[in-house]
Every structure is written in structure tokens, then in C-alpha cells.
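Report on the structure
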Amino acid sequence: MHVVATAGHVDHGKSTLVRALTGMEPDRLAEERRRGLTIELGYAWTTLPSGERLAFVDVPGHERFLGTMLAGVGPAPAVMFVVAADEGWMPQSEEHLVALEALGVRHALLAVTRADLADPEPAIGRARARMAASGLGAAEARAVSGRTGQGLGELREALDRLVAALPVPRSQAPVRLWIDRVFSVRGSGTVVTGTLPEGTIAVGDELTLPGGPVRVRGLECLNEPLTSVTGVARVAVNLRGHGVPERGQALVTPGGWTCADLVDVRLSPVGAARDGIGLPPRLTAHIGSAAVVCEVRPLGGPIVRLRLARALPLHLGDVLLLRDPGRDRSEVRVLAGASVLDVRPPALRRRGAARERADRLAAARPDAASLLRDHPLLRAGDLLAMGCAPPGRPVCGDWHADPAYWSELGERLAEAVRRYAAEHPLEPGMPVEAVRHGLGLPDRRLVAALVRPPLAVADGRIVSGPRGLPAPVARAVGRLRAELSAHPFRAPEAGRLAELGLGPRELAAAVRAGALLRVADGIVLPPGAEARAAELLARLPQPFTVSQARQALDTSRRVAVPLLELLDRGGLTERVDELHRRCRPPAPGGA
Ligand SMILES: Nc1nc2c(ncn2[C@@H]2O[C@H](COP(=O)(O)OP(=O)(O)OP(=O)(O)O)[C@@H](O)[C@H]2O)c(=O)[nH]1
Ligand SMILES: [Mg+2]
């Protein structure tokens with residue numbers, strides 16, 4: 001099915017035309033019939049010659065009900081613009097046109113009605129010229145009469161062409177149903193209605209309202225019960241949940257939208273406002289059926305920050321209509337369309353930050369690449385909640401990164417690891433958590449994803465495998481050195497070396513590359529182990545036994561004996577007798 005909203009000046013015959021096309025009464029209130037005036041949104045539907053079903057949302061034309069008009073037009077993809085042949089273009093014709101342009105409505109049909117009262121040509125000419133000059137472009141025009149039925153057949157065919165040209169809505173899109181009516185039905189509780197522009201709602205679905213989660217108990221579309229409805233559609237949803245929903249709230253897919261009360265937007269040049277400077281500080285922002293007071297902060301040029309009095313479920317690319325409720329009645333009160341560029345904008349504290357922000361957003365587009373330049377690390381779920389399909393492959397898990405930022409992070413990580421190694425020469429490497437903290441990353445997995453050879457992650461640290469070693473050997477050596485961090489002289493047994501994949505050839509390569517110190521056949525320690533051992537042994541009462549040395553080094557005889565022999569050969573220790581050794585004083589002038 002399709003949904004088309006009406007638009008046009010008060011009393012120009014919108015409701016009469018809808019009635020003539022559908023045989024249904026859009027003005028349901030007694031007060032509306034008494035005053036001959038639409039006050040609330042009206043709903044009626046028909047089947048077009050093609051067999052397509054079409055629902056109308058009939059809006060009021062009176063200037064006092066502009067908010068209601070916007071609630072009706074907001075979620076509808078197309079409009080039937082009505083102008084009376086005998087009155088022609090009038091103030092609310094202009095105001096509605098500006099509103100449609102601001103909202104980005106691009107599909108319209110012009111119906112010049114009351115053609116039984118006057119020649120429709122002048123009205124057609126004027127209206128088409130105004131519409132062509134606006135964003136609505138060249139709309140098809142039909143002269144009709146809601147009273148005599150003249151031209152209704154052609155109008156139905158034109159409506160068929162209008163809806164056939166509409167973009168096909170995505171059935172899998174997240175649901176956002178702006179509520180335009182709420183009522184309770186005895187025995188089944190709360191029912192809300194709205195225009196579902198895209199996405200699918202099914203009985204049993206859990207959706208979210210500002211008050212919390214709700215469950216769909218039942219669904220109706222054009223008075224027929226259904227188990228599921230896909231947009232575009234007029235739907236009535238029977239809800240189970242807490243609280244009473246209101247018009248202007250939206251029923252949404254959980255996690256599908258970002259609930260935002262601070263947004264950065266780009267003004268589109270409609271109405272009076274070309275940039276943010278001339279805007280009043282407080283305006284009303286309309287989207288869907290919502291109307292929310294907002295504070296306006298111009299950032300520079302057409303970029304403006306809006307603080308909304310109430311958070312709304314938004315995506316990038318959504319268009320808010322800004323209107324000045326305090327304006328003189330005769331003036332056009334719609335000031336601008338505001339296209340949402342960021343739903344999680346950063347605080348602007350420094351001097352000049354607003355201007356920088358405006359420059360940065362000047363060329364921004366509502367897509368993931370633009371978004372990532374601003375928020376360089378985002379999870380897929382965040383991107384989707386902001387209305388952007390995740391771009392390409394994640395850097396790890398469900399994280400997406402701005403490519404430039406990611407490569408800069410890689411460099412910063414390497415630098416941090418280098419610095420840490422210099423400051424902590426006795427540790428096997430920088431702890432991953434310290435890197436995460438230092439780089440300000442939200443997830444440890446990101447650290448691991450940033451590590452490139454010769455660096456490797458081993459046991460919670462980033463170890464620097466020496467250059468020139470094959471990556472698996474470097475990784476194994478890194479792991480070994482990490483394992484040795486707590487007890488640096490407990491050289492691994494043959495079995496552990498084999499598990500790590502360090503056979504004689506790999507060990508020889510690692511020793512050659514300076515990544516390990518060979519103490520004896522099959523006994524390896526981290527490089528620098530001799531100096532560290534000598535340091536510890538120097539603290540013992542001199543001379544000392546092998547057993548005392550073994551305890552001081554916290555290792556086994558298997559390691560202690562060949563290590564002491566290595567120290568002897570290196571001139572760091574010397575034998576005193578069969579059982580004792582002592583440390584040799586450092587060579588004069590030595591470091
Ligand atoms: N002669 C003639 N009168 C019409 C025609 N269409 C509407 N009218 C009359 O014009 C008046 C206003 O018609 P509505 O259909 O209520 O106008 P509307 O645009 O819905 O008005 P609002 O909803 O208040 O903005 C009514 O008295 C209608 O009978 C028409 O085609 N020919
Ligand atoms: Mg009406």
C-alpha cells in the first residue's frame with residue numbers, strides 16, 4: 001500500500017477531495033463537521049485503478065494547526081497538494097510548500113480543485129511555478145472538482161503514477177513509527193496509530209517507547225487485522241507495556257536509533273533562514289509527529305547545534321523542520337530544514353571550537369565514512385543506531401575505525417611500547433592494559449588488532465620480537481619471555497619449549513637474533529639475564545655456594561649450574577674454591 005498526505009490552504013477542498021476519492025469521511029470530529037474545518041488528522045483509503053491501495057492522511061489547512069499538518073506530512077513519502085481554482089495561491093499554500101521543501105518531500109501531485117467554481121488555469125500556472133521553484137520540482141497538475149466529480153478519474157490515474165514513482169521502502173529497515181493518535185480499546189488496552197514509512201512490525205515484536213519496552217499484541221492496517229505489516233503503511237498497533245504513549249513519541253526497534261537531545265545539523269536554504277546567524281535562539285523542531293522546543297546555537301555558516309527539550313530517536317540524514325512559533329501570524333513561520341549530521345556531537349569548550357566544528361561538518365555527509373572521521377572508533381551497532389551501514393570490514397570484532405586514525409594509532413602504539421621498554425628494561429614488554437589505557441582505547445581487543453610484527457602479544461603484554469625472526473618464532477619467543485616475567489631464571493623445560501614450537505633450529509635463530517640468551521644446550525633465558533643475575537648475586541654474602549645462588553635467583557640447579565659457569569666465563573663471577581664463588585668487582589672505569 002501507499003500513503004499520501006494532503007497539503008494546502010484552509011478551505012481549499014482537501015477533505016472534500018479525499019471524501020470524493022475514497023467514499024470515507026476524513027473529518028471524524030463533530031466539531032470539525034460543525035465548523036466545516038479540519039482540526040485533527042483524517043484517515044481514508046481507496047484502491048487505485050492499478051489495484052494499488054492508497055491511504056490518505058488528510059491534514060488541516062488552517063494556520064493555527066500547522067503543527068498538526070506537519071505531523072501528518074512528516075512520515076508520508078508524498079503529498080497531494082490542493083489549491084482552490086477560485087482562490088488560487090494563498091498564505092498557507094506558500095507555508096505548506098516551504099514546509100514540504102524543508103522536510104525534503106520530493107514527490108507531489110497538484111490538484112486544483114473547485115474547478116466547477118472558476119477557471120483552474122490561472123491557479124495551475126501559479127502553483128506549478130511556485131512548486132517548480134521549490135524542491136518539489138515539476139509536479140503533474142490536474143483540475144478537479146470534489147463536488148461534481150469532474151476530473152476525478154484522471155486524478156486517480158495521476159495518483160497511480162505518483163505512487164509508482166516512489167522509492168521502494170526497505171522492509172528490513174529499523175522501525176520508527178511516529179505516533180499520531182492514541183486511544184484505548186475496551187478489553188485490549190492501548191492502540192497507537194501512525195504512518196510506517198519502512199521496516200516491518202509483527203505481532204509479538206518487542207519495540208521501545210520513551211517509557212520503556214512494549215510488546216505488539218495486535219496489528220491493523222486499514223481496519224483489517226494482520227500478523228505483520230511492512231511500510232509504507234498506515235498502521236494501528238495494539239500495545240502491551242507500561243505507561244501511556246503520546247502523540248509525538250515514536251515506537252522504535254530496540255537499538256535501531258540513537259535517542260538524542262543534542263544534534264549538529266546543516267540548515268537547508270528554504271524560507272527566510274540562509275544560515276544560523278539570523279535564527280531566533282529558541283525554535284520548535286518538527287520531525288514525524290513530534291514537535292519539540294529547541295535551543296539554537298549557530299556554529300558557523302549553515303552548521304547549527306540544537307539542544308532539544310526532549311530526546312528523539314534519530315538517524316544521520318534525518319531532516320528536522322525548524323519553525324518560529326512566536327512569529328507574526330501573517331508571516332511564513334517555517335524557517336529552515338535541518339539535516340542531522342551528528343547525533344552524538346562532542347562538547348565544545350575551547351575558544352574557537354565552534355568554528356572548527358562548523359568547518360569540519362561543512363563537507364560532512366550522513367554516511368559511515370564521514371561519521372568515522374568525527375568518531376574514529378565505533379561499533380557496528382552504534383553505526384546502525386546512527387543510521388549508517390558499517391563500511392567495509394571491521395578492524396576487529398565489531399569495531400570500525402577511520403583508516404587514517406587507525407594507522408596513526410598503530411604508530412602511537414609502537415612508540416608507547418618502545419618507550420616502555422626503555423623505561424622498564426627488566427620487564428618482558430608493555431602490559432596490554434597499559435597500552436589500552438595510554439591510547440585511550442575502549443576495548444583490549446583493539447590493542448591486539450593494532451600490534452604488527454616485530455611486535456607480538458603474549459600473555460597480556462606486547463613483546464618486541466626482534467626484527468628478522470619469522471613471525472611465529474617471534475611470537476613464541478615473546479610468549480616465552482612473557483612467561484618468564486615473574487621468575488626470570490626459571491628457564492623452560494624441554495617439553496614447554498616444544499609446546500611453544502621452539503625446536504633447536506628456532507632457538508638457534510632466536511639466540512642469533514639476540515632475542516634469547518643461550519645458557520647451555522636446551523636452556524635459554526631472556527637477554528640480559530647474566531647482568532641481572534650478577535646484580536642479584538652481588539647482594540649475597542660473599543662468597544656464596546651454588547645452593548645460595550640458586551635460591552637468590554629463584555631457580556633450579558639445572559639452570560643455576562650452567563648459568564654460574566657462564567658468569568664465570570664472562571668474568572662476572574669467579575671461583576674461590578670447590579664450593580664457593582664470589583662476584584668480581586666491576587672493571588675499573590666500567591659502567
Ligand atoms: N463547489 C465546490 N465546492 C467545494 C469543492 N471542494 C470543496 N468545496 C467546499 O469548500 C469548502 C471547504 O472544503 P473542505 O474540503 O473542508 O476544505 P479543506 O481544504 O479540507 O479545509 P481545511 O481542512 O479546514 O483546511 C466546503 O464548503 C466544501 O463544500 C469543489 O470542488 N467544488
Ligand atoms: Mg479538511
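The notes below deal with the structure included here. (Residues numbered from 1 in each chain as written. Chains lettered and ligands numbered in written order. Predicted model: local features only at pLDDT ≥ 70, side-chain atom pairs only at ≥ 80, totals over all residues. Heavy atoms only, no water.)

1. Thoughts on the side chain of Glu-32
Going by this rule: We count a stretch as a helix when DSSP gives it H or I for four or more residues in a row; a strand needs E for two or more, and each element gets its number in order from the N terminus. When a residue's accessible area, from a 1.4 Å probe over protein chains only, is under 20% of the maximum for its type it is buried; when over 50% it is exposed; and in between it is partly exposed. None of His or the chain ends enter the tally, which takes Lys and Arg as positive and Asp and Glu as negative. Salt bridges are defined as contacts in which a side-chain nitrogen from Lys or Arg sits within 4 Å of a carboxyl oxygen from Asp or Glu. Definition of a polar contact: a pair of N or O atoms within 3.5 Å, with one able to donate and the other able to accept a hydrogen when the atoms are protein atoms, and with sequence-neighbouring residues admitted only if both atoms are side-chain atoms. Throughout, a residue-residue contact means that at least one pair of heavy atoms, one from each residue, lies within 4.5 Å.
Within the secondary structure layout, Glu-32 lies in helix 2 (residues 30-35). In this structure, Glu-32 is buried with no salt-bridge partner, the nearest side chain bearing the opposite charge being Arg-28 at 5.6 Å. Side-chain polar atoms of Glu-32 contact the backbone nitrogen of Ile-39, separated by 2.7 Å. Among the polar contacts made by the side chain of Glu-32, one reaches the main-chain amide nitrogen of Glu-40 at a distance of 2.8 Å. When neighbours within four sequence positions are excluded, Glu-32 is seen to be in contact with Asp-27, Leu-37, Thr-38, Ile-39 and Glu-40.

2. Here we look at the sheet that holds strand 26 (residues 455-458)
The condition that has to hold: Should DSSP find at least two bridges between two strands, the strands are regarded as paired.
An order of 25-27-26 is seen for the 3 strands of this open sheet, with the pairing classed as antiparallel. Of all the strands in the sheet, just strand 25 (430-431) and strand 26 have a single pairing partner and so form its edges. Here strand 26 pairs with strand 27 (residues 461-464) via 4 bridges, running antiparallel. Opposite Val-457, over in strand 27, you have Ile-462 as the bridge partner.

3. Some remarks on the pairing of strand 17 (residues 258-268)
Note: strand 17 against strand 20 (residues 303-314), 8 bridges, orientation antiparallel. Note that in strand 20 the partner of Val-263 across the bridge is Leu-306. Where strand 17 lies against strand 22 (residues 334-342), 5 bridges are found, and the strand directions are antiparallel. Looking across to strand 22, one finds that Asp-264 is bridged to Asp-342.

4. A few points about the nonpolar core
The condition that has to hold: Joining through side-chain atoms within 4.5 Å is the link that ties buried Ala, Val, Leu, Ile, Met, Phe, Trp, Tyr and Cys residues into a set, and such a set is a nonpolar core.
Ranked by internal contacts, the top residues of the largest apolar core, which has 59 residues, are Val-73, Phe-81, Val-237 and Leu-251. Considering each element in turn, this core owes the most residues, 6 residues, to helix 4 (residues 91-103). Excluding its chain neighbours within four sequence positions, the residues that come into contact with Phe-81 are Ala-7, Gly-8, Trp-89, Ser-93, His-96, Leu-97, Leu-100, Leu-109, Leu-110, Ala-111 and Met-131. Ranked by size, the runner-up nonpolar core spans 36 residues in total, among them Ala-290, Leu-312, Leu-371 and Leu-383.

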